[in-house]
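Structural characterization, general
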Amino acid sequence: MLDTTNVQDVIFELKMSDMESDISDEEFHVPRLNEDASDGDSDKELQVAYASGLLKPGLVRPITAPAPVINNLDGLKQKLEEIKQTNLEWIERLDVTVQPHNNKENNADEVEDGDTDVHNDFQREITFYEQAKSAVIFAMKRLHGDGVKTKRPEDYFAEMAKKDDHMKKVREKLLALQRQRETAEKNKTNFKLRKYGKQVQHSVTIERHQKKKELLKSVKKYRKGQTKSLDFLDEPDDKQKGGKKLSQLQKLQQQKKLNPKRASKNKKYGFGGKKRGMKRNNNKSANDVSGFKKHVHSKKNTQRPGKNRRVQMRNRNK
Amino acid sequence: MAVQRKRKSKMSRKAKVRKLNGENKVENEEEQVTNELTDMPTVSKKRWTNKQRVLIFTSRGITYKGRHLVKDLRNLMPHTKTDVKMDRKSDLLMVNEIAEIKNCNKCVFLVGKKKRDVYMWVSNVPHGPSALFHMEYLNMMDELKFTGNCLTSSRPILSFDENFDTTPHMQLLKELFIQVFGTPNFHPKSQPFVDHVFNFSQRDGKIWFRNYQIVEENGDLVEIGPRFTMTLARILSGSFGGPVLYINPDYKSPNLIRHLQGKKGSTKYVDKQAAITRRRMEKTDKTFATDETDLLFTTSTETKT
């Protein structure tokens, strides 16, 4: 004996699938082609398939029908003929169609194979800009040819699309942006200069100390009678063998040879630099969730018990 | 014009009154007085041939972006009229009647759905065709990133890319756009001079709209706004009705897109559970190889402790 209820279910599911395709579309009235007749799955066939074991409830899943393809070429052409304004001159319509070769001349380096990435905002806007530009150049030539005035004279005042107060805001924003950029640049150069100046100053003081030390040493030696000459009192020449004077920074670089132990420790623990704000969170540390312990930090049941519950508990305490 | 007509009718009434009173002498003084502004023949007289009037309005439940778009388009296009937001959503044919009452032969009707989606109908009113678009990426003229400016009602150049000539439905759309967005020559409210471009181009199955100011006539442009993209859904042969001429096969309704997006996320939990079970299955129960004889002398008491 055949279990008909299951077959019914299957049929129902199939029909549901057809309905779903309608729901997924917009609420606008569109004539839909009724396709389930052409599908070829009659009730009898389904019953037979079920009896033979080919059909099981789990095997059937709803498939949304593809939207019907309508492209009535004749109708479109006819409509176009109907609404065309053939009696009007170009000046009445001012439309320009930009041809691709026309476009490519201007920006040969921008467009590769006439194909640009739509999701690249900058590239996309550039192509739009180029299109509008070539349209403007074409239209202006034609308008000038017809003797139409296109340029607004300086003393022609009329209502603008954006009012004066809005344009003031725009100007202020542009100025603010420019100012921001300038200050950022200035800060950057200042920072670099400061760093350099500090280094130079440091080297100068070190050198001075060293000189003093040496002088004292030589004086001591002279006092003890180890040396007879008083050459050390003369200004020593800063000149190298080549005869070129060393800059303060170069001297510093020459001098600065730390002992290897100190160097390795500096490398390990760090030396100098800004201490301020080291313990503060930054973008990376805020995203780091390695310290999160589920059993410690996860949300406990903080929900307040219901009214009845609370009353019961209060009574129990009494 | 209206003022002129009014004046005339007033004069004729006065003349009539004079006739009735039997005063036949005509006061020449009053006849000769002319107002330079009102009596001047209008520039557009007899030269305004392309009489397009566009009704731009919205349905109720439109988002603020749709509302601002209407405001911007009205600001830029002098040949437009507007009406109150339409209450009824289902009866689109009502729009035709409203347009007729407003004496308009073109209509741009924005429909807001679900408080987030904006659709636009562009229609040639009595006889069609009409096209439905889904609007995305709306940017308004009020935004400060658009630094250009133009006269309120100067005529725009309409720039189309080559895709508008390839297929019949795109050609039809181009014709429709020219008639709707182009300001007619010598329209009484329009300004002379050409100082902005409406740019339509097709990329990625969408039509992208841009509005640029012409700073220099050699092609130096600055964007004015608004910006938007239109995804064609369908073209109907009538105005807001009639047989379907074209359905865009690539169009996916935002509802469907959201539905698919949701579905994509919904399998996350199931996938995770499946992975866990798979890992458990792969884990072997076997430990180190043991000799059974090792357990030979373990008694039950020892195991207990």
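On a predicted model such as this, the values are computed, not experimentally measured, just so you know.

Per the secondary structure count, chain A includes 12 helices and one strand. Counting all 318 residues of chain A, 8% fall into the buried class. For chain A, restricting intrachain contacts to residue pairs at least 6 apart in sequence, the fraction spanning at least 24 positions comes to 70%.

Moving on, we get to the interface of chain A and chain B. Contact residues are listed per partner, giving 58 residues for chain A and 63 residues for chain B. Of all the secondary-structure elements, those providing two or more residues to the side of chain A that touches chain B are helix H3 (73–83), helix H4 (90–93), strand S1 (95–98), helix H6 (121–146) and helix H7 (164–224) of chain A. Take the side of chain A that touches chain B: its biggest share by element is 12 residues, from H6(A). Along the lines of polarity and charge, the residues of the side of chain A that touches chain B split into 33 nonpolar, eight polar and 17 charged.

All right, on to the nonpolar core then. Grouped together as the largest cluster of nonpolar side chains are 77 residues, with contacts concentrated most on A:Val136, B:Cys107, B:Met120, B:Phe133, B:Ile157 and B:Leu158. Element by element, the count of residues in this core is highest for helix H5 (residues 168–181) of chain B, at eight residues. B:Phe133 has contacts with B:Tyr119, B:Met120, B:Met230, B:Thr231, B:Leu232 and B:Ala233, leaving out every residue within four places of it along the chain.

This next bit is on unusual backbone geometry. Residue B:Gly128 is joined to B:Pro129 through a cis peptide bond whose omega torsion reads 5 degrees. Mapped onto the elements of the fold, B:Pro129 is located in the loop between strand S4 (117–124) and strand S5 (130–139). That bond from B:Gly225 to B:Pro226 is cis: its omega, 0 degrees, falls within 30 degrees of zero. By secondary structure assignment, the location of B:Pro226 is in the loop between strand S9 (220–223) and strand S10 (227–236). Positive phi outside glycine occurs at A:Leu94, with the angle close to 55 degrees. Tracing the chain through its elements places A:Leu94 in the loop between H4 and S1. Under the C-beta neighbour-count criterion, A:Leu94 is labelled buried, with 24 such atoms within 10 Å. Positioned with a positive phi, B:Tyr137 is a non-glycine residue whose angle comes to about 50 degrees. One can find B:Tyr137 in strand S5.

For the rest of this paragraph, the subject is the packing of H3(A) against H5(B). The geometry of H3(A) relative to H5(B) is characterised by a closest axis approach of 9 Å and an angle of 25 degrees between their N-to-C directions. Between H3(A) and H5(B), the crossing angle belongs to the class labelled roughly parallel. Viewed along their axes, H3(A) and H5(B) form a crossing whose handedness is left-handed. Contacts between H3(A) and H5(B) pair A:Leu73, A:Leu76, A:Lys77, A:Lys79, A:Leu80 and A:Ile83 from the former with B:Pro168, B:His169, B:Gln171, B:Leu172 and B:Glu175 from the latter. Taken together, the residues of the contact of H3(A) with H5(B) sort by class into six nonpolar, two polar and three charged.

Its 26 residues give H6(A) an end-to-end C-alpha distance of 37 Å, which sits within 8% of 38 Å, the value for a rise of 1.5 Å per residue. Looking at the residues trailing H6(A), positive phi occurs at A:Gly147, about 75 degrees.

Taking the UniProt record as the reference, the feature "coiled-coil region" (unreviewed entry) is found at residues 160–194 of chain A. Along residues 160–194 of chain A, the helical share is 89% and the strand share 0%, with 50 Å between the first and last C-alpha atoms.

All names here are of chain B. When strand S6 (residues 154–161) meets strand S7 (residues 191–203), the two strands line up parallel, connected through six bridges. Residue Phe160 lies in a different strand from S7, and its bridge partner there is Phe200. Two elements, S7 and strand S8 (residues 206–216), share eight bridges in a ladder whose sense is antiparallel. Bridged to Arg203 within S8 is Lys206. The hairpin formed by S7 and S8 contains two residues between the paired strands, and Asp204 there has a positive phi angle of roughly 55 degrees.

What counts and how
For every chain, the first residue of the written sequence is number 1, and numbering continues from 1 onward in sequence order. Here the convention is simple: chains get letters from A, ligands get numbers from 1, in the order in which they are written. In view of the model being predicted, local features appear only for residues whose pLDDT reaches at least 70, and side-chain atom pairs are presented and counted only at 80 or more, with totals across whole chains, interfaces and linings using the full set of residues. Working definition: helices are DSSP H or I runs of at least four residues, strands are E runs of at least two. Numbering for both runs from the N terminus. A residue is called partly exposed when the number of other C-beta atoms within 10 Å of its own lies between 12 and 20, exposed at 12 or fewer, and buried at 20 or more, with C-beta atoms placed from the backbone. Each residue gets a C-beta atom placed from its backbone, and two residues are in contact if those atoms lie within 7 Å. Each residue gets one of three labels, nonpolar for Ala, Val, Leu, Ile, Met, Phe, Trp, Tyr, Cys and Pro, charged for Asp, Glu, Lys and Arg, and polar for the others, Gly among them. Joining buried Ala, Val, Leu, Ile, Met, Phe, Trp, Tyr and Cys residues through C-beta atoms within 7 Å gives a set, and that set is a nonpolar core. Think of each axis as a best-fit line through the C-alpha atoms, taken over the contacting stretch in the case of a helix, with angles from 0 to 180 degrees between the N-to-C directions. The labels follow the angle: roughly parallel below 35 degrees, roughly antiparallel above 145, roughly perpendicular from 65 to 115, and oblique for the rest. By convention the crossing between two helices is left-handed if the near helix lies anticlockwise of the far one by an angle smaller than a right angle, and right-handed if it lies clockwise. Here the expected length of a helix is defined as 1.5 Å per residue gap, with one fewer gap than residues. UniProt positions are given in the numbering used here, feature names are shortened, and annotations may be inferred rather than shown by experiment. For two strands to be treated as a pair, DSSP must find at least two bridges joining them.

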